[in-house]
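Architecture and fold: a report
Next come the chains, spelled out residue by residue.
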Amino acid sequence: MDDYPEIATAFDIYADDSTQKNLRGGRWTVHSESQIVVDEVNDMYKHIQLDRVYWDIVRNVVKYGDCFIETIIDVHNAKKGIQRLKVLNPNFIIRVENEYGYLTDFLQEIPDKDDWSAFGSAGDFMTGTKYITLDRNQLIHFRLRTADPSYYPYGKGIAGPAIRVFRSLKLMEDAMLIYRLARAPERRIFYIDVANMPATKAEMFIEKVKEKFKNEKFYNPLNGSVDARYNPLSADEDFFVPTRGAQGTKIDTLPGAQNLGEVEDVRYFRDKLLAALKIPKDYIVEKDKSPERKANLSQLDAKFARTIGRVQQQVEIGLEMLAKRHLAIVGYPATLIKEVK
């Protein structure tokens, strides 16, 4: 779906609006009663260059509903805290929870190589697939939470409700394209005068005329003769109609389809797709820039801002978890870590 222009643009709009800078030029604000804690978290964000991957994190959360970030530390000096972030492919990460719904660890699918020895399985559905177990504190799971139980314990992407509409839209566009290719060209009707020929001879005569159009003559230098070969650009889709009497031989032009500009059915599914993505249609489909459009767009901005606020709130949970994990590794007391927001 990300290859579809409207959907890719919608994901970019979500990521751009969710990561825009505030009036002070920052994309996030750390709240704590201790200024030392605030400085420590901001220094960590700057050291790991969070501003460079922040847009990708938000876009993956919007697209997949999930984004798994591996926190990398220096094993020789763990007190330095988190040193780097690594964005993992959510298609190969499995979140494992116990019977009480608490996170126990993560499983990452690995290639089938002989030198891998540390791997585990978690049920019959993983038979034949190798996984390695990752500690629950090793990854940070950004997810767009949803009330839909079919997605639990993962998030639901913005494009989740649009999957069915997207498939219908693709079918309609393909059907429209096939119809245009098949009906757009002009056709010709050849009225061939067969005079008083019997029906069988008239049919043979028509076939000879058709062969003249389908085949083109060329000189064969190998044997010095004039041969005929198939002409792919011939009008082989034209119609040949035998006539009798005084009508004579003539050629008429049959026009192509006249309703090629009617795309209301495609627009119907496109509008449903944009509605499922919660993107104001005026953001992607340009209309006449009238005062009514501006007034309507200002109302849509307020509604879309609430959706952006929900995305930011979910991403904020992951950033808060990242900050608290770094403070715990460095060695800050639990009382200061708990009140970080």
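Refer to the structure above for everything that follows.
These lines cover the structure that appears in this document, whether it is placed above or below. Think of each chain on its own: its residues are numbered from 1, step by step along the sequence as written. Local features are withheld for residues below a pLDDT of 70 in this predicted model, meaning they are given only at 70 or higher, and side-chain atom pairs are given and counted only at 80 or more; totals for whole chains, interfaces and linings count all residues. By convention in this description, side-chain values take in all heavy atoms of the structure and omit both hydrogens and water.

1. Details of the overall build of the protein chain
Rules: Runs of E in the DSSP output that reach at least two residues are strands. Runs of H or I that reach at least four are helices, and both are numbered from the N terminus. For every residue, the accessible area obtained with a 1.4 Å probe (protein chains only) is divided by the maximum for its type, and the residue is called buried under 20%, exposed over 50%, and partly exposed between those limits. We call two residues in contact whenever any of their non-hydrogen atoms come within 4.5 Å of each other. In these tables, accessible area is a Shrake-Rupley quantity obtained with a 1.4 Å probe, and a residue counts as shielded only by the protein chains included in the view.
Of the regular secondary structure elements, the protein chain holds nine helices and eleven strands. Residue burial in the protein chain is summarised as follows: out of 341 residues, 34% are buried. Look at the contacts in the protein chain between residues 6 or more apart in sequence, and 65% of them connect residues 24 or more apart. Working note: accessible area of the protein chain is about 21600 Å², and carbon and sulfur atoms make up 52% of it.

2. Focus: the environment of K130
Within the secondary structure layout, K130 lies in the loop between β4 (103-109) and β5 (131-135). Measuring from C-alpha to C-alpha, the distance between K130 and Q108 comes to 8.4 Å, with 22 residues separating the pair along the chain.

3. Here we look at the packing of aromatic side chains
Operational definition: By convention, a stacked pair of Phe, Tyr or Trp rings (six-membered ring in the case of Trp) has centres within 6.5 Å and planes under 30 degrees apart, an edge-to-face pair has planes over 60 apart, and any other such pair is tilted.
Per the stated rule, a full pass over the model turns up six aromatic pairs. On the basis of an interplanar angle of 80 degrees and a centroid distance of 5.4 Å, the ring pair of Y4 and F166 is categorised as edge-to-face. Of this pair, Y4 sits in the segment before α1 (5-18) while F166 sits in helix α4 (residues 163-183), and the two are 162 residues apart along the sequence. Each member of the pair Y4 and F166 is classed as buried. Note on Y268 and F269: the rings are 5.2 Å apart at their centroids and 80 degrees apart in plane angle, and the pair reads as edge-to-face.

4. Details of the sheet that holds β4
Applied cut-off: Each pair of strands is called paired provided DSSP finds at least two bridges between the two strands. To obtain each axis, a line is fitted to C-alpha atoms, and for helices this fit is confined to the stretch in contact; angles are then taken between N-to-C directions over 0 to 180 degrees.
The strand order across the open sheet built from three strands is β3-β4-β5, with neighbouring strands paired in antiparallel fashion. Pairing within the sheet leaves two strands with one partner each, and these edge strands are β3 (93-97) and β5. Across this sheet, the average inter-strand angle for adjacent strands is 30 degrees, counted without regard to direction. Relative to β4, β3 is paired through five bridges, and the arrangement is antiparallel. Residue pairing across strands places I93 opposite Q108, the latter belonging to β4.

5. As for unusual backbone geometry
Residue P153 is reached from Y152 by a cis peptide bond, and omega for that bond is 5 degrees. When you line up the elements, P153 lands in the loop between β6 (139-143) and α4. Not every positive phi belongs to a glycine, and Q49 is a case in point at roughly 55 degrees. Take Q49: it is sitting in the loop between α2 (35-47) and α3 (50-64). A positive phi angle, close to 65 degrees, is found at K278, a residue other than glycine.

6. Notes on the nonpolar core
Buried together is how nonpolar side chains tend to be arranged in soluble globular proteins. As a reminder, the rule being used: The nonpolar core is taken to be a set of buried Ala, Val, Leu, Ile, Met, Phe, Trp, Tyr and Cys residues, with the residues joined through side-chain atoms within 4.5 Å.
Counting 50 residues, the largest nonpolar core has Y14, Y45, I48, F142, L273, L277 and L322 as its most contacted members. Ranked by residue count, the leading element in this core is helix α8 (residues 291-330), at eight residues. Residues contacting L277, with those up to four places away along its chain left out, are I7, A10, Y14, I158, A159 and A162. Of all hydrophobic cores here, the second largest spans nine residues; its members include L103, F106, I132 and L139.

7. Observations regarding the environment of I192
Mapping I192 onto the fold places it in strand β7 (residues 187-193). You can call I192 buried: its relative accessible area is 7%. Considering only alpha carbons, one finds I192 and R244, 52 residues apart in sequence, at a separation of 8.4 Å.

8. So, α1
The following threshold applies: Expected span of a helix: the number of residues minus one, times 1.5 Å.
The end-to-end C-alpha distance of α1, which contains 14 residues, comes to 20 Å, matching closely the 20 Å that a straight helix rising 1.5 Å per residue would cover. Within the sequence span of α1, burial applies to E6, I7, A8, A10, F11, I13, Y14, A15 and S18.

9. Looking at the sheet that holds β6
The antiparallel open sheet is built from three strands, whose spatial order is β2-β1-β6. Among the strands making up the open sheet, the edge pair consists of β2 (82-88) and β6. Neighbour to neighbour, the strand axes of the sheet diverge by 25 degrees on average, direction disregarded. Here five bridges tie strand β1 (residues 66-73) to β6, and the two strands are oriented antiparallel to one another. Pairing of C67 across the sheet is with F142, part of β6. Those strands touched by α3 are β1, β2 and β6, and its axis lies near 150 degrees from that of β1.

Without other data, these values stay purely geometric and don't point to any function.
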